[in-house]
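Letter by letter, the chains look like this.
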Amino acid sequence: MNGATFTKVCSNETRIDYRGMKFLLVEQDRGSGGMGRAIQLYALDGFKREHIKEIGWTRDDNALGMRSSDAYYNDKEILQSQAEIFAIEYIDKLI
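Residues numbered from 1 in each chain as written. Predicted model: local features only at pLDDT ≥ 70, side-chain atom pairs only at ≥ 80, totals over all residues. Heavy atoms only, no water.

1. Observations concerning the confidence of the model for the chain
- Overall, the predicted model of the chain reaches an average pLDDT of 93, with 99% of residues at or above 70.
- Per-element confidence in the chain ranges from a low mean pLDDT of 82 for helix α1 (residues 65–68) to a high of 97 for strand β2 (residues 13–18). (pLDDT = per-residue confidence, 0-100. Helix = DSSP H or I, 4+ residues; strand = E, 2+ residues; numbered from the N terminus.)

2. Structural notes on helix α2 (residues 80–94)
- Along its 15 residues, α2 runs 21 Å from first to last C-alpha, staying within 8% of the 21 Å computed at 1.5 Å per residue.
- Here α2 has its buried residues at A83, E84, F86, A87, I88, Y90 and I91.
- On its buried face, α2 sits against β1 (5–10), β2, β3 (21–30), β4 (36–45) and β5 (48–59). (Expected span 1.5 Å × (residues − 1). Buried < 20%, exposed > 50% of the residue type's maximum accessible area, 1.4 Å probe, protein only. Contact = heavy atoms within 4.5 Å.)

3. Details of the nonpolar core
- Judged by nonpolar contacts, the single largest core of 16 residues is most densely connected at I16, Y18, L25, L41 and I55.
- Counting only elements with at least two residues in this core, the list comes to β2, β3, β4 and α2.
- Looking at which element gives the most residues to this core, the answer is α2, with 6 residues.
- Here I55 is in contact with L25, I39, L41, A71, Y72, Y73, I78, A83, F86, A87 and Y90, once residues within four sequence places are set aside. (Core = buried A, V, L, I, M, F, W, Y, C linked by side-chain atoms within 4.5 Å.)

4. What to know about the pattern of salt bridges
- Enumeration according to the criterion identifies 8 salt bridges in this entry.
- In this structure, R37 engages E27 in a salt bridge whose closest nitrogen and oxygen atoms are separated by 3.8 Å. Placement of R37 in strand β4 and of E27 in strand β3 is noted, with a sequence separation of 10 residues between them. Just as R37 is buried, E27 falls in that class too.
- Measuring nitrogen to oxygen at the nearest pair gives 3.4 Å for the salt bridge that ties E54 to R30. Of this pair, E54 sits in strand β5 while R30 sits in strand β3; the two residues are 24 residues apart in sequence, bridging distant segments of the chain. (Salt bridge = Lys/Arg side-chain N within 4 Å of Asp/Glu carboxyl O.)

Here it is as structure tokens:
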């Protein structure tokens, strides 16, 4: 996809190599009582990571978390494969 390479690091992390830069997608607990799950996009610089944007939610918390989120995509729950596509779209908008 657009020259991006995706490497599964563990069950909830995927590294992206894209346009000479490195990124990380991490699925984390979010929302009311941590009942939801959302995928975060980080930029990697050596051992440091910097949060860029919440990409989307993989599990709704059935409260206001997902709907009030400023995620790049928050119309409905997404799959990991969709998060990869949305992450590349968002990175392209930034650079």
